[in-house]
Amino acid sequence: VMAGIEALHLLQDQNSSNTSQKSSSATVAEVAGVRKNAAGDLAACIIALATNGAIVLVCVLVAAYLRQQMPSMYEHNMAVHKTLLPPPDGLSAWIHHCWDLPVDAIIKYSTLDHGMLIEFMLLAMRIMQAVGVPLVI
């Protein structure tokens, strides 16, 4: 970000010093050192995607394992508030259970902040779907 801001300032300085010249010959991307896609960039993108996906998968599996090993830490609200339906046992059963919870239940058994976070995430997913799908197609 700072490199982009510095590049914009550099371009503004060039434009103000060269008033006789109508447009600058260097673009912001050239000044910042950004290059266009080239051969081999797809492989780097796929490797980055696979690495990030593996990290997310490991984090979810660790959280699912720890939920089973330390129920007092991860399921404390169920014991205190007696939730509607406890999540079924299993490594990934909690994902399906949580995905189907209505926002009203989240607000009732957690807080309004948690419910609004879920609403915001749902809105963000709808916006990304409305904007992203037509761009891919």
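Scroll up to find the structure.
Residues numbered from 1 in each chain as written. Predicted model: local features only at pLDDT ≥ 70, side-chain atom pairs only at ≥ 80, totals over all residues. Heavy atoms only, no water.

Some details on the overall build of the chain
1) Next: Counting its secondary structure elements, the chain contains 8 helices and 0 strands.
2) Next: Counting helices and strands in the order they occur from the N terminus, the chain gives α-α-α-α-α-α-α-α.
3) Next: A fraction of 27% describes how many contacts in the chain between residues 6 or more apart in sequence connect residues 24 or more apart.
4) Next: Accessible area for the chain stands at about 11300 Å²; split by element, carbon and sulfur atoms hold 68% of it. (Helix = DSSP H or I, 4+ residues; strand = E, 2+ residues; numbered from the N terminus. Contact = heavy atoms within 4.5 Å. Areas by Shrake-Rupley, 256 points an atom, 1.4 Å probe, with all protein chains shown as cover.)

Re the environment of D89
1) Next: Secondary-structure assignment places D89 in the loop between α5 (76-81) and α6 (93-99).
2) Next: Residue class for D89 comes out exposed when judged on its relative accessible area of 77%.
3) Next: The spatial distance from the C-alpha of D89 to the C-alpha of Q68 is 8.2 Å, given a sequence separation of 21 residues. (Buried < 20%, exposed > 50% of the residue type's maximum accessible area, 1.4 Å probe, protein only.)

Quick notes on helix α8 (residues 112-136)
1) Next: Along its 25 residues, α8 runs 35 Å from first to last C-alpha, staying within 8% of the 36 Å computed at 1.5 Å per residue.
2) Next: Roughly 25 degrees is the biggest bend found in α8, and it falls at Q129. (Expected span 1.5 Å × (residues − 1). Bend = angle between axes of the 7 residues up to and from the residue.)

A short note on a nonpolar patch on the surface
1) Next: On the surface, a cluster of nonpolar side chains totalling about 710 Å² of accessible area is made up of L117, F120, M121, L123, I127, V131 and L135.
2) Next: Relative to the assigned elements, L123 resides in helix α8. (Patch = residues over 30% accessible without salt bridge, like charges linked within 9 Å, V, L, I, M, F, W, Y side chains within 5 Å. Salt bridge = Lys/Arg side-chain N within 4 Å of Asp/Glu carboxyl O.)

Focus: the environment of A63
1) Next: Mapped onto the fold, A63 is located in helix α3 (residues 41-69).
2) Next: With a relative accessible area of 31%, A63 lands in the partly exposed category.
3) Next: With 11 residues separating them in the primary sequence, A63 and Y74 have C-alpha atoms 9.3 Å apart.

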